[in-house]
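# Residue-level structure breakdown
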Amino acid sequence: MDRETGRPGTGLRTDPRTPPAGVARAPRPRLAQGVPGAPPPPAARRPHRRGPRLSAAVGVGLLLAGGGVVAVDRLGQDRAAPAPLTPAGRALAAAGAGRPAALADLAALIGERRERVRRAPADRASWAVLGAALAERAARSGAPGAYTEAERALQRALAQGGTPDVRALTGLAVLAAARQDWAGAVRWGEAARDRAPGRVGAYRVLLEAYPGTGDAEGADRALERLRKVRPGPVAEVAAAWVHRERGWREDAEATVYDAAARAATPAERAAALSRAGDLAWERGEAETALARYEGALRAEPEHDGAAAGRARALAGLGRSEEALTAWARARAAAPRPGYAVESGELLLALGRSAEAADHFALARHQAAALARDGVRQEPVLGRLEADHGDPAEAVRLLTEEHRRHPGPAASGALGWALHKAGRSAEALPRLRAAVKDGPNTARPAYHLGMVHLALGERGAARRQLTRALRLAPQFSPLHAERARRELAALGEPAWGPPPA
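Throughout what follows, the structure given in this document is the object of discussion.

What counts and how
Residues numbered from 1 in each chain as written. Predicted model: local features only at pLDDT ≥ 70, side-chain atom pairs only at ≥ 80, totals over all residues. Heavy atoms only, no water. Helix = DSSP H or I, 4+ residues; strand = E, 2+ residues; numbered from the N terminus. Buried < 20%, exposed > 50% of the residue type's maximum accessible area, 1.4 Å probe, protein only. Contact = heavy atoms within 4.5 Å. Salt bridge = Lys/Arg side-chain N within 4 Å of Asp/Glu carboxyl O. Phe/Tyr/Trp six-rings, centres within 6.5 Å; stacked < 30°, edge-to-face > 60°. Core = buried A, V, L, I, M, F, W, Y, C linked by side-chain atoms within 4.5 Å. Polar contact = N/O pair within 3.5 Å; in protein donor to acceptor, adjacent residues only side chain to side chain. Expected span 1.5 Å × (residues − 1). Axes fitted to C-alpha atoms, helices over the stretch in contact; angles between N-to-C directions. Parallel < 35°, antiparallel > 145°, perpendicular 65-115°, else oblique. Left-handed = near helix turned anticlockwise from the far one by under 90°. Nonpolar A, V, L, I, M, F, W, Y, C, P; charged D, E, K, R; others polar.

Below, the discussion takes up the overall build of the protein chain. If you tally the helices and strands in the protein chain, you get 24 helices and 0 strands. Per-residue burial over the protein chain gives 50% buried out of 500 residues. Considering only contacts within the protein chain whose residues lie at least 6 apart along the sequence, 58% involve residues at least 24 apart.

Set out below in structure tokens:
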């Protein structure tokens, strides 16, 4: 999903939108001192309890690892020291706590559960864990074939009969979201939530899926519940993106930096720092964004979102060859067609049109492979066709996408495709809605400015193009330069007396 965004502190007034009735903003947390990602503060001392007491996540992980528990029993006898968790145990414990697992640990869990179901094909719980792990890996790797394998394992878990396993329901929600089937993600996520309201995974998926269906209030409710069920970095990273979607940029920045400082694992730290990089990039702060993305990659070198963000930041800083190398790293981590589109646009901006065409062909090839695996590709293909292919085909693709998933992102994408197809008057209301209702970001403002320009509305065009460049001066190596050229051609507004 490529939603365009913007940042505060750009010379524009912060978006004055307020939370909807009944939804209060979270209190702005005090930022931790030092670099985000520093070790979290020590936990508060808990009152003494008689006998051992384990959280569900730790208990599951220890069972898998076969370890004991450091505790004192009622007779005062020391129990065995815990054995270290295996990589598979760490992945399972992370899932129970609602944290992202390290990719190497996730691979170990997948291998371990594959062996279990090979020995015991009727083991419903192992099928559910296997399918959920495969779904998470598919979502994070973007590899064709991974989605189908995950779906087969999850359906096998449900086919065993009995009460549906909540891990299988959550895995199907994760899988649907990874395929950009937001309605399916809501359906499976709500089923998982209703089955086990105290588990974290369903809320994380619903926070992504509700905005995809245009249900902003649903996202607010899911965030409120997640904060009650699992307060901490996982909830705050999710909260940052909900705040960003509302235009509450200062709230988003505060929560994501606090989450990075309190992260308990490298994967959790990478997720928070990558989001911090996204927020800085959308504010037009390329140097800060680069530092955050590089911090995320130090924590988790395989994090493709951070690798892609680093490429954007390098391009914005004029370090084009480094950016192309960074794009190659992102594409190697996850073959997402949007990455090939962006690297192709950088090549176009550098005047290397033949190489750019190769990247656009790669994007189409990757999109076709993912589509065969059930991953919807209308948003990225619509963008590619609108700017570098057949705008009429873009309109067809994005009309269908908007019908399925109405909302500011789909409305703005369809509006731009209509403009590129020569239907600027039809595009105008859709792009106005995208700017009004979506996050305060540069690309929708640029698109709206270009539509005003096509319609001869010079004053409105000047306002929106100026706004886009104030929000993020290097929002695109290709389109930011065109925005500057068009502004220069428009010149300064005339301040003479109005006509008689």
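Following the structure, the description resumes.
Attention now goes to the pattern of salt bridges. Once their charged atoms are close, side chains differing in charge can pair, the charge on each being opposite to the other. Tallied over the entire structure, the rule returns 36 salt bridges. In this structure, Glu 253 and Arg 283 form a salt bridge, with 3.7 Å as the shortest nitrogen-oxygen distance. Of this pair, Glu 253 sits in helix α11 (residues 249-262) while Arg 283 sits in the loop between α12 (266-282) and α13 (286-299); the two residues are 30 residues apart in sequence, bridging distant segments of the chain. By relative accessible area, Glu 253 is classed as partly exposed at 22%. Given the relative accessible area of 6%, Arg 283 is considered buried. With its nearest N and O atoms 2.9 Å apart, the salt bridge here joins Asp 258 to Arg 262. Note that Asp 258 and Arg 262 are positioned in helix α11 at a spacing of 4 residues, about one turn of the helix.

Let us look at the environment of Asp 181. Among the structural elements, Asp 181 can be located in the loop between α6 (166-178) and α7 (182-195). Given the relative accessible area of 30%, Asp 181 is considered partly exposed. On a C-alpha basis, the gap between Asp 181 and His 405 in space is 8.7 Å, while along the polypeptide they are 224 residues apart. Apart from the residues within four sequence positions on either side, Asp 181 is in contact with Ala 176 and His 405.

This next bit is on the packing of aromatic side chains. The tally for this structure, following the rule as stated, stands at 3 aromatic pairs. Taking 5.5 Å as the distance between ring centres and 50 degrees as the angle between the ring planes, the aromatic pair formed by Tyr 446 and Phe 475 counts as tilted. Linking Tyr 446 in helix α22 (residues 442-454) with Phe 475 in the loop between α23 (458-471) and α24 (479-490), this pair joins segments that are 29 residues apart in sequence. By the burial criterion, Tyr 446 is buried, and Phe 475 matches it. The structure contains a cluster of three or more aromatic residues connected by ring pairs, namely Trp 416, Tyr 446 and Phe 475.

What follows deals with the nonpolar core. Ala 289, Trp 327, Ala 330 and Leu 346 are the most contacted members of the largest nonpolar core, which totals 37 residues. Counting only elements with at least two residues in this core, the list comes to α11, α12, α13, α14 (304-316), α15 (320-333), α16 (337-349), α17 (353-372) and α18 (378-388). Setting aside residues no more than four positions away along its own chain, Ala 330 makes contact with Asp 304, Ala 307, Ala 308 and Tyr 339.

Summarising the element assignment, Glu 294 is placed in helix α13. Note: C-alpha distance between Glu 294 and Arg 310 (16 residues apart in sequence) is 6.9 Å. Separated by 3.1 Å, the side chains of Glu 294 and Arg 310 make a polar contact.

Between its terminal C-alpha atoms helix α9 (residues 216-229) stretches 20 Å, which fits the 20 Å expected from 14 residues at 1.5 Å a residue. Among all positions in α9, only Gly 218, Ala 219, Asp 220, Ala 222, Leu 223, Leu 226 and Val 229 are buried. Along its buried surface, α9 packs onto α8 (201-212) and α10 (233-246).

Remark: helix α5 (residues 146-159) packs on α6, axes separated minimally by 9 Å, with the N-to-C direction vectors making an angle of 155 degrees. The pairing of α5 with α6 is recorded here as roughly antiparallel in orientation. Of the two elements, α5 crosses α6, and the hand of that crossing is left-handed. Facing α5, whose interface residues are Tyr 147, Ala 150, Glu 151, Leu 154, Gln 155, Ala 157 and Leu 158, α6 presents Arg 167, Ala 168, Leu 169, Gly 171, Leu 172, Leu 175 and Ala 178. For the contact of α5 with α6, the residue count by class is 10 nonpolar, 2 polar and 2 charged.

Our next topic: the packing of α22 against α24. Between α22 and α24, whose axes approach to 11 Å, the crossing angle comes to 40 degrees. Considered as vectors, α22 and α24 are oriented oblique to each other. Judged by the twist between their axes, the crossing of α22 over α24 is left-handed. Contacts between α22 and α24 involve Arg 443, Tyr 446, Met 450 and Leu 453 on the former and, on the latter, His 479, Arg 482, Ala 483, Glu 486 and Leu 490. Residue composition of the contact of α22 with α24, grouped by class: 5 nonpolar, 1 polar and 3 charged.

Moving on, we get to the side chain of Ser 343. Here Ser 343 lies in helix α16. Engagement of the side chain of Ser 343 in a polar contact is seen with the side chain of His 359, the distance being 2.7 Å. Residues contacting Ser 343, with those up to four places away along its chain left out, are Leu 324, Trp 327, Arg 331 and His 359.

It is worth stressing that arrangement in space is one thing and function is another; only the former is reported here.
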